[in-house]
Amino acid sequence: MQNIAHVRSDGYIHRNSYKNKILKNEMDEEIRMKANLYYFSGTGNSLFIAKTIKATMEQEHELHNLEEKNIEGDIEVRIIPIQKFNQSKEIQDQSDVIGIIYPTYFLDAPNVVKNFVKKLSVSKNSYLFLYASYGETLGNALHNMNRMFGDNQVVENYEVVLPDNSIIFESKKEEIPKMLEVGETIIREHAKEIYRHKITAKSPYSFKYHLVAGGMKPLARKGLGFTKMKVDKDKCNGCGLCKSLCPMKNILLEEQSTLSKAPTFGKNCESCFSCLHYCPKEAITYQRMSKKKVNFQYRHPRISVKEMVDAQRDI
Ligand SMILES: Cc1cc2nc3c(=O)[nH]c(=O)nc-3n(C[C@H](O)[C@H](O)[C@H](O)COP(=O)(O)O)c2cc1C
Ligand code: SF4
Ligand code: SF4
């Protein structure tokens, strides 16, 4: 259990427990609160959550300093793509706040995120939170991740509905702007709670969704070919964006002739659908995608292609 001496009756951990702990950052500046936000994102929703949490935490810190007129120590919030650690054996993090932000896949967390958590060790004093986004049904996407940390680690849980990029259950185009607006308000409120280290409720386990996920994963992956992307070579212009975006380094660009190049896909696909949604020629589909769905592409409108590509640097 969390050290209850620091938990206030309103459900927040008292900030005084962090107040006297002044850290130094790489520039030798004093840091009062250090936060690392790890994220995985196919179409920008999770990156948007991470950016909104960072911006809101920084605003809260500024307000807090103004109110208390005590400007000793700053806040440092870093946003880190999870795929950077795909080849790492062990990850240690002692930051005050550690967040893991990810989309829901098949009523569960993505495998790449679970593999990251297997290698991660965090300090017992850290405020550790999970943040899952989903289109309609969360299932056990938070619960299963909680279990991976074991009973001795306190994990806080946050969730938000954002547009669904899964193609088969895609959000209606006309509903997307409202979903994004409502989602942003919720994320901002959550970020304030994260800054103040709120103690959240446990995410409940659903046996029903455990069973549904057991059928859904093989059906989507093997039956529909969710992890086997294919390209329409007549549409592809060989621009290479799909290769630059793939968080799993699963795409190669091969010469088709002396004039044209087209992607080929390996066996390490996470079905994030980044290549499919960002392809400027709508040339990528999963293996058995219905022709009716070809024109459905979703990208978070406030996340640029450059930000998505930059996340793949140094992997
Ligand atoms: C392969 C796949 C499976 C998905 N499964 C679910 C699901 O089980 N329940 C759900 O509500 N949304 C599901 N989604 C939708 C995503 O969780 C949602 O759109 C998320 O916000 C996308 O985040 P991102 O833009 O950071 O990748 C799925 C999406 C994909 C690509
Ligand atoms: S992003 Fe689309 S057009 Fe560009 S190389 Fe990939 S498949 Fe071809
Ligand atoms: S091949 Fe496409 S869907 Fe698969 S991991 Fe790479 S970007 Fe995502």
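Residues numbered from 1 in each chain as written. Chains lettered and ligands numbered in written order. Predicted model: local features only at pLDDT ≥ 70, side-chain atom pairs only at ≥ 80, totals over all residues.

Thoughts on the overall build of the chain
On a plain count of helices and strands, the chain comes out with 9 helices and 12 strands. Of all 315 residues assigned to the chain, the portion counted as buried reaches 37%. Long-range contacts, defined here as pairs at least 24 residues apart, represent 75% of the contacts in the chain between residues at least 6 apart. (Helix = DSSP H or I, 4+ residues; strand = E, 2+ residues; numbered from the N terminus. Buried ≥ 20, exposed ≤ 12 C-beta atoms within 10 Å, placed from the backbone. Contact = placed C-beta atoms within 7 Å.)

Examining the site of ligand 2
Around ligand 2 sit 15 residues in total, of which Cys 236, Cys 239, Leu 241, Cys 242 and Cys 279 are the nearest. Counting only elements with at least two residues in the shell around ligand 2, the list comes to helix H7 (241-245) and strand E11 (261-265). The residue inventory of the shell around ligand 2, partitioned by class, reads 11 nonpolar, 3 polar and 1 charged. (Near = placed C-beta within 6 Å. Nonpolar A, V, L, I, M, F, W, Y, C, P; charged D, E, K, R; others polar.)

Overview of the pairing of strand E5 (residues 97-103)
Buried residues dominate E5, accounting for 7 of its 7 residues. A two-sided burial pattern is seen for E5, the buried positions comprising Val 97, Gly 99, Ile 101 and Pro 103 on one face and Ile 98, Ile 100 and Tyr 102 on the other. Bridge count for E5 against strand E7 (residues 127-134) is 7 bridges, and the pairing is parallel. Residue pairing in the sheet places Gly 99 in a bridge with Phe 129 of E7. (Pairing = 2+ DSSP bridges.)

Observations regarding the nonpolar core
Nonpolar side chains in soluble globular proteins generally cluster together in the buried interior. Judged by nonpolar contacts, the single largest core of 48 residues is most densely connected at Tyr 39, Ile 101 and Leu 130. The greatest single-element share of this core, amounting to 7 residues, is contributed by E7. Counting 24 residues, the second largest nonpolar core, distinct from the first, contains Ile 251, Cys 269, Leu 276 and Tyr 278. (Core = buried A, V, L, I, M, F, W, Y, C linked by C-beta atoms within 7 Å.)

A short note on unusual backbone geometry
In this structure, His 197 is a non-glycine residue whose phi angle is positive, near 60°. Here His 197 is to be found in the loop between helix H5 (176-195) and helix H6 (207-223). Look at His 197 and you get buried, because 23 C-beta atoms sit within 10 Å. Of note, Ser 271 is a non-glycine position whose phi angle comes to about 55°, a positive value. In this structure, Ser 271 sits in the loop between E11 and helix H8 (274-278).

Examining the site of ligand 1
Every one of the 26 residues lining ligand 1 counts as a neighbour, but Ser 41, Asn 45, Ser 46, Pro 103 and Tyr 134 are closest to it. Secondary-structure elements contributing two or more residues to the shell around ligand 1 are helix H2 (45-68) and E7. For the shell around ligand 1, the class distribution of residues is 10 nonpolar, 14 polar and 2 charged.

Some points on the environment of Val 231
In this structure, Val 231 sits in strand E9 (residues 229-231). C-beta crowding within 10 Å serves as the criterion here: with 20 such atoms nearby, Val 231 is assigned to the buried category. Taking the C-alpha atoms as reference, Val 231 lies 7.8 Å from Ala 262; in sequence the two are 31 residues apart. Those residues in contact with Val 231 that sit more than four places away from it in its chain are Cys 236, Ala 262, Pro 263, Ala 283 and Ile 284.

A word on the environment of Glu 270
Here Glu 270 is to be found in the loop between E11 and H8. Judged by the 20 C-beta atoms lying within 10 Å of it, Glu 270 falls in the buried class. Expressed as a C-alpha distance, the spacing of Glu 270 and Cys 246, which sit 24 residues apart in the sequence, is 9.4 Å. Every residue in contact with Glu 270, bar those within four places of it in the chain, is listed here: Pro 110, Asn 111, Val 112, Pro 247 and Met 248.

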